[in-house]
There are 2 protein chains.
Amino acid sequence: MATNKSASVKAHPFLTLQPQEVFATAEIIRKVHSEKTVIFRIVAIKEPNRAEAVKYLEAERKKLPLPTVPRRTYVTYQFQGQVDAWEDIVDLDTGSVVESKKLPPGVHPAASQDDMRDVQELVMTDELVLKEIERLKLPAGSKVVPEAWPYGKESRDVDVKQYQIWFFLGSLDEKNLAHPSSNHFAHPLDFSAVVDDLTRKVIRIDRLPMGVGLNSYSTNDEPYQPQTDAEYATELQPSIRKDLKPIHISQPEGVSFTVENDQVINWQKWRFHLDFNWREGTVLRDVTYDGRPVFYRLSLAEMTVPYADPRPPFHRKCAYDLGEGGAGNTANNLALGCDCLGAIRYFTRWVSDAQGRPEVRENCICMHEVDAGIGWKHTNYRNGRAEVTRNRELVIQTIMTISNYEYILIWTLDTAAAIHYEIRATGIMSVVPMRQGVEHDLDYGIMVAPGVMAPSHQHIFSLRLDPAIDGYDDSVIQYEDSVRRPFEPKTNPFGVAYGIEVNPVKHSSFIDLDASRNRIVKFVNDKKTNKVTGKPPGYGIHVPVTQLQLSHPSSTNHRRAGFSDHHYYFTKQSENELYPSGDYPWQSFGGDGVRQWAQRDVELGNAGVAWCNFGFTHNPRPEDWPVMPCEVFRVAIKPSNFFTQNPALDMPASTQVVNKSTLVTGDDQSECCSRSNGVAS
Amino acid sequence: MATNKSASVKAHPFLTLQPQEVFATAEIIRKVHSEKTVIFRIVAIKEPNRAEAVKYLEAERKKLPLPTVPRRTYVTYQFQGQVDAWEDIVDLDTGSVVESKKLPPGVHPAASQDDMRDVQELVMTDELVLKEIERLKLPAGSKVVPEAWPYGKESRDVDVKQYQIWFFLGSLDEKNLAHPSSNHFAHPLDFSAVVDDLTRKVIRIDRLPMGVGLNSYSTNDEPYQPQTDAEYATELQPSIRKDLKPIHISQPEGVSFTVENDQVINWQKWRFHLDFNWREGTVLRDVTYDGRPVFYRLSLAEMTVPYADPRPPFHRKCAYDLGEGGAGNTANNLALGCDCLGAIRYFTRWVSDAQGRPEVRENCICMHEVDAGIGWKHTNYRNGRAEVTRNRELVIQTIMTISNYEYILIWTLDTAAAIHYEIRATGIMSVVPMRQGVEHDLDYGIMVAPGVMAPSHQHIFSLRLDPAIDGYDDSVIQYEDSVRRPFEPKTNPFGVAYGIEVNPVKHSSFIDLDASRNRIVKFVNDKKTNKVTGKPPGYGIHVPVTQLQLSHPSSTNHRRAGFSDHHYYFTKQSENELYPSGDYPWQSFGGDGVRQWAQRDVELGNAGVAWCNFGFTHNPRPEDWPVMPCEVFRVAIKPSNFFTQNPALDMPASTQVVNKSTLVTGDDQSECCSRSNGVAS
């Protein structure tokens, strides 16, 4: 692994966080504050200045001497027993703190995974919690399981950092309880605890509403009502399908990609840096195709998960799973599961812990090739001759587990020079208790079991797209509408014409998509021209139109999720503006994010960034319980005038000689015949 | 193969067309009209009456004696030398014509593939065409290639059936020309011919516009300007990628499906009839899951492809690729190409020719299983234990080639009880000539090569969904909107609440989707209740909101494509209303289709059918030339309250023992290491 500690080795500006850089940063911070006990929240690479990084990339391309880009980390920390939090920027080359700022009161750093574990541990010995557990008169052998959530904001008041702890009960069935995947989420209890981060004390118990209305709180003599087990572990199912025959995917001649230094990927004319951080998870940098830049930086920048249940304290359920939890912090070890078929390359990356030590995220990214069906085909019907090629995708996957829920986050590149971003939402829905034995006529959720209610909610995501269309500094943004032309005798006498209206995005702003206009946002290089079409080379973003923030515009949820009210925001590139709900969403009240950046109304010139916002409105189904089948969403980013012809024209023909498919013949048979297909085109 | 000729064998009402049934029908028609020469257009199975078929299905389910459902075909035909066309219904059991109607003047049957070939042949000896070819003074060795299209309607006048023939030139490069896939579409010529179907004569030459404006027609001395070759055959590419390593997909233990009588498929609790006809291609009938009916009939019912080029005669370009051409008539022999990876079952089906003979469509449907990624996953973050299953899809694919263009039409069923419909649009865009050496500032298309223009166009599809939600006759239709609730102190004091508005569809009607309301159309069984949620079992249709018909509402294109102006039409079930632009779109003027059926405003009761309409607005890119990478579109049809829990909960765990994936290790390597992943969950 390369290090950057020696002056003779220049770190590539996109080198992913190295473990020794976490140690080095912590050491520098501790040295500055040697009199205090430092608690680290985050140590991560400070995004390099784009202009400086581009100089490096240009020199690299031209094989010129490489300029030095300062190697910096940012670090958020607090001092033991003190409420204030700090954010410093550390220059690793000089070993010095180059910027230090105290966060304003009420601005709170994200929790590390250590923090979450600690809080969950401490509540179980807290008096107030123990009293609640005692009140419930739980059966002998009951195991109470706490789940810590960030605390949602409800007013403008400056508040100390808090956690909201929900409580669940482990299965009362010994066999189920003993299973490592036993599902305590099936048994929500009727109270929650609020923890002060500084004192690490429960400051309040919130009784939960148990009926439809807002004031239906659990009472002091609310009896404990056992809920049915809802186990998802395959080993705990009454029966498992026996008739699903295996599918094997193999690459007998090896894979088509190469990896340099564990981070630069070359595959099918694509080349990019595979970066990773605690917050965004996988980040693609300097994405080029056939040597031509396409994107400077691609990442999922934020998501918000507002819940529709209006009953306090559930109105506070509004998670920022990236900014509060972190797609990197919560990334699964993919080799542990069996998350891909085929020939898989895993990547290990690093985050940080509360002691300022590197914490490994082993196999947190997996990469493999997927046959994605027919790429293109044409049959000459006169002679039956078919020309057909496959589409191949390179899949780069991270899976985050945020308490009960999973997001499978996937970047793909394909052999037709397109990029896709895919989200698969799965895991266990967040549920709350309801009184049993009464009918609940609910507007904001459904009962998934007696006493268990799954509230309606949304997941709204924000993709940050920093373009480099055929050059690092020449991308402008426009959106194109397909519009009906008027019935006009001289130009459109039969009323069939439609045309494309091109709208340049000149200033920081927002727009909404409009399916009735087939609105597409494009990045184009305004310095170049496609020699066939005469149009500027570009990439267009094809994203289904989805519902945006349903919370009321004057609600805290709406205010905090600055990106969630429009399908696109456009802002000026800045290494300090990476997260659309601001750097610190934990208990934020909004006011720092794309909504504000866009309001500056600055000229974007050739330095605009697009924030593409989309979501799922998840109205629970019983079919989503106790674990939900993946909900799949895909964004396509496709070349448009970037090439002079189909870039997949040079794909090899799809032939039986290569494919080695097998023919299944006859009726009532479930065996695969070994006779080969035979006819190769 | 089963036959229905003997009274002792009752044909299943969903038995797909048998070749002997084509012969039998033609014989009956010829006998009735023994004095005339009959030219057959179509012989196909007459859709059985739903109530009668349902009686049969219910008896089948209960293992009761099976009632007889009349086995009938419909046949369209003309008499040699006569303009009139007829549609008869033939009862095969009695060997008699049970209905016979003369089509009204101006209503034209679809062309058979024979017709298209004949017309293309005859124009090449026609005087008017030869004169045009002579005018062009083409280089020696030139090969002119005619392409017949249906003739688009432009007025209310009753007209005889016509064809519009476009002309192209084969490559002037001998090597390219000799290749069986040589692309004549790269060389559009500057005239077209209109052919009268009855006389089989060219009745008019239409010179094509060669400039931007409407009156820029090719002149008498318009010089022939050679266009560059644009070959798509892999063998004709200057170079082909060498670094794409094969992917093999195998099912060493065989496939998971069984097939009864070449048409009933059993797979993963699904069971359905795999029907096929000349028009809709694949039709799924009596689709059940775990013995419970879900859909009575599923098909792609129509598509319209209006072009935006306003210049006559291009204003007439508006294809109905199903109603005029037929997804079955034009279906590819899939075994000839290499259209799938894995273990593939092919199905052969039948259409008819002009002599009333069966015409085989060999391997026109292929079916195979696909690993569709993670099905569901949850990781217990406390111990790192992951439970993960795969999603498996059964893919049923037909590919149609309609002159220059291909549609890959796919039904999938999955292991989470969802159905998907997927369209992949590929093939060669329809292009027209433009004068070379001048700049063309085009509103309605782009230049893809000097002298070659690809016009903007739309593909608008209509899926016909006839539900049988947990019972054949108990499905009602509703649509659900997710809507913000008002900020209200007693019910929504923090403004976070949203709720679901359920709107029953009681009458034949239409609606549009609205992403801002997350509108979902659902079929639900109003006689049953999900015992967990208290809600009726149903299936919801999840379709991205797309742009609808751009042609002007008073244009012929808009009038004819009755389905294309709204996202959904709802009509009452009828075996006589299967095609949303009417039975006979060829030169239709509209007035017979879902728009009219919906206007009847009849009560749907439990007998409603939904027509789900969606489309691509295809504004050509140079990247789509000379053959376009697949444009992929997916509709999801998912259970909602149909089950009491995740129906994929009983899927086997995804383990390395079964998957046998391989680990790729190290840097700069392109070989797949044989070391196994090792860790199985």
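Along every chain, residues carry numbers that run from 1 in the direction the sequence is written. Chain A is the first chain written and ligand 1 is the first ligand written, with later ones labelled in order. Under the rules for a predicted model, residues below a pLDDT of 70 receive no local features and side-chain atom pairs below 80 are neither given nor counted, while totals for whole chains, interfaces and linings still include all residues. Excluding hydrogens and water, the side-chain figures rest on all heavy atoms present in the structure.

As annotated in an unreviewed UniProt entry, chain A is Amine oxidase from Cucurbitaria berberidis CBS 394.84. UniProt positions are given in the numbering used here, feature names are shortened, and annotations may be inferred rather than shown by experiment. In its Sequence similarities (unreviewed entry) section, UniProt records this for chain A: "Belongs to the copper/topaquinone oxidase family."

Chemist: Report on the overall build of chain A, specifying residues and quantitative values.
Modeler: The secondary structure listing takes helices from DSSP runs of H or I that are at least 4 residues long and strands from runs of E that are at least 2 residues long, numbered from the N terminus. Of the regular secondary structure elements, chain A holds nine helices and 33 strands. Whereas a compact globule of 681 residues would reach a radius of gyration of roughly 26 Å, chain A reaches 27 Å, a difference of no more than 12%. Projecting the C-alpha coordinates of chain A onto the three principal axes gives extents of approximately 80 × 75 × 60 Å. Burial status follows relative accessibility: with a 1.4 Å probe on protein chains alone, a residue under 20% of its type maximum counts as buried, one over 50% as exposed, and anything between as partly exposed. Counting over 681 residues, chain A shows a buried share of 67%. Residues count as neighbours in contact if any of their non-hydrogen atoms are within 4.5 Å of one another. In chain A, the share of contacts with a sequence separation of at least 24, taken over all contacts with a separation of at least 6, comes to 67%. Using a 1.4 Å probe, the Shrake-Rupley method yields the accessible areas, and only the shown protein chains count as cover for residues. With the model as given, the accessible surface of chain A reaches about 22900 Å², and the carbon-plus-sulfur share is 51%. It is over C-alpha atoms that the radius of gyration is taken, and the globule rule equals 2.2 Å times the number of residues to the power 0.38.

Chemist: Outline the packing of aromatic side chains, supporting the account with residue identities and numerical values.
Modeler: Residues and elements named next belong to chain B. Ring geometry is summarised as follows: Phe, Tyr and Trp rings, the Trp one being its six-membered ring, pair when their centres sit within 6.5 Å, and such pairs are stacked at plane angles under 30 degrees, edge-to-face over 60 and tilted between the two. For the coordinates displayed, the defined rule picks out 52 aromatic pairs over all chains. When the centroid spacing of 5.1 Å and the interplanar angle of 70° are considered together, the rings of Tyr-405 and Tyr-407 count as edge-to-face. Taking the relative accessible area as the measure of exposure, Tyr-405 reaches 6% and is therefore buried. Judged by its relative accessible area of 1%, Tyr-407 falls in the buried class.

Chemist: Please give an account of the sheet that holds strand β18 (residues 385–402) of chain B that cites residues and values.
Modeler: Strands are treated as partners if at least two bridges between them are detected by DSSP. As summarised here, the arrangement of the eleven strands in space is β33(A)-β16(B)-β17(B)-β18(B)-β19(B)-β20(B)-β32(B)-β29(B)-β28(B)-β25(B)-β26(B), forming an open sheet in which the pairing is mixed. Edge positions in the open sheet fall to β33 (662–664) of chain A together with β26 (498–505) of chain B, since each of these has one partner strand only. Between one strand axis and the next, the sheet turns through 30° on average, direction left out of account. Angles run from 0 to 180 degrees between N-to-C directions of axes, and those axes are lines fitted to C-alpha atoms, restricted for helices to the stretch in contact.

Chemist: Tell me what's going on with the sheet that holds strand β19 (residues 405–414) of chain A, and back it up with residues and numbers.
Modeler: Spatial strand order, β26(A)-β25(A)-β28(A)-β29(A)-β32(A)-β20(A)-β19(A)-β18(A)-β17(A)-β16(A)-β33(B): eleven strands in an open sheet with mixed pairing. Looking at the sheet topology across the chains shown, the edges are occupied by β26 (498–505) of chain A together with β33 (662–664) of chain B. Neighbour to neighbour, the strand axes of the sheet diverge by 30° on average, direction disregarded. Pairing of strand β25 (residues 475–484) of chain A with β26 of chain A involves eight bridges; the strand directions are antiparallel. Residue pairing for β26 of chain A: Tyr-479 of chain A is matched across the bridge by Asn-503 of chain A.

Chemist: For the UniProt feature "modified residue: 2',4',5'-topaquinone" (unreviewed entry) in chain A, give the residues involved together with the corresponding values.
Modeler: When the UniProt feature table is mapped onto this chain numbering, "modified residue: 2',4',5'-topaquinone" (unreviewed entry) sits at Tyr-405 of chain A. Residue position: Tyr-405 of chain A is located in strand β19. Aside from chain neighbours lying at most four places away, what touches Tyr-405 of chain A is Met-400, Ala-425, Thr-426, Gly-427, Ile-428, Met-429, His-459, His-618 and Met-628 of chain A together with His-378 of chain B.

Chemist: How would you summarise the relation of the copies chain B and chain A if you had to cite specific residues and measurements?
Modeler: The fit set for superposing copies consists of C-alpha atoms from residues with pLDDT of at least 70 in both; the fit itself is least squares. The two copies are related by a screw motion: chain B maps onto chain A through a turn of 180° and a shift of 0.0 Å along the axis, at an RMSD of 0.0 Å. In symmetry terms, the pair is related by a two-fold rotation axis. Across chain B, the smallest distance between a C-alpha and the rotation axis is recorded for Ile-249 of chain B, namely 2.3 Å. The residues that chain B uses at the interface reappear at the interface of chain A in 100% of cases, marking a shared surface.

Chemist: An account of helix α3 (residues 113–123) of chain A is requested, with residue identities and associated values reported.
Modeler: Along an α-helix, residues three or four positions apart point the same way, because every turn accommodates 3.6 residues. Of all the eleven residues making up α3 of chain A, eight are buried; the element is thus mostly covered by neighbouring parts of the structure. Within α3 of chain A, burial applies to Gln-113, Asp-114, Asp-115, Met-116, Val-119, Gln-120, Leu-122 and Val-123 of chain A.

Chemist: Requested: an account of the pattern of salt bridges, with residues and values cited.
Modeler: Salt bridge, as applied in this entry: a Lys or Arg side-chain nitrogen positioned within 4 Å of an Asp or Glu carboxyl oxygen. Enumeration over the complete set of coordinates arrives at 114 salt bridges over all chains. Where Arg-349 of chain B meets Asp-262 of chain B, a salt bridge forms, and the shortest distance between an N and an O atom there is 3.1 Å. Of this pair, Arg-349 of chain B sits in strand β16 (residues 343–352) while Asp-262 of chain B sits in the loop between β10 (258–260) and β11 (264–267), and the two are 87 residues apart along the sequence. A single network of salt bridges, built from pairs that share partners, joins Arg-41, Asp-115, Asp-118, Asp-197 and Arg-200 of chain A.

Chemist: Can you tell me about the side chain of Gln-587 of chain A, naming the residues and giving the values?
Modeler: All names here are of chain A. Turning to its location among the elements, Gln-587 is positioned in the loop between β30 (568–572) and α8 (594–599). In protein, a polar contact requires one atom able to donate a hydrogen and another able to accept it; more generally it is a pair of N or O atoms within 3.5 Å, and residues adjacent in sequence count only if both atoms are side-chain atoms. Reaching out from Gln-587, the side chain makes a polar contact with the side chain of Asp-159 at a distance of 3.4 Å. In this structure the side chain of Gln-587 is engaged in a polar contact, spanning 2.9 Å, whose partner is the side chain of Trp-586. Setting aside residues no more than four positions away along its own chain, Gln-587 makes contact with Gly-106, His-108, Tyr-151, Lys-153, Asp-159, Val-160, Lys-161, Gln-162, Glu-324 and Arg-560.

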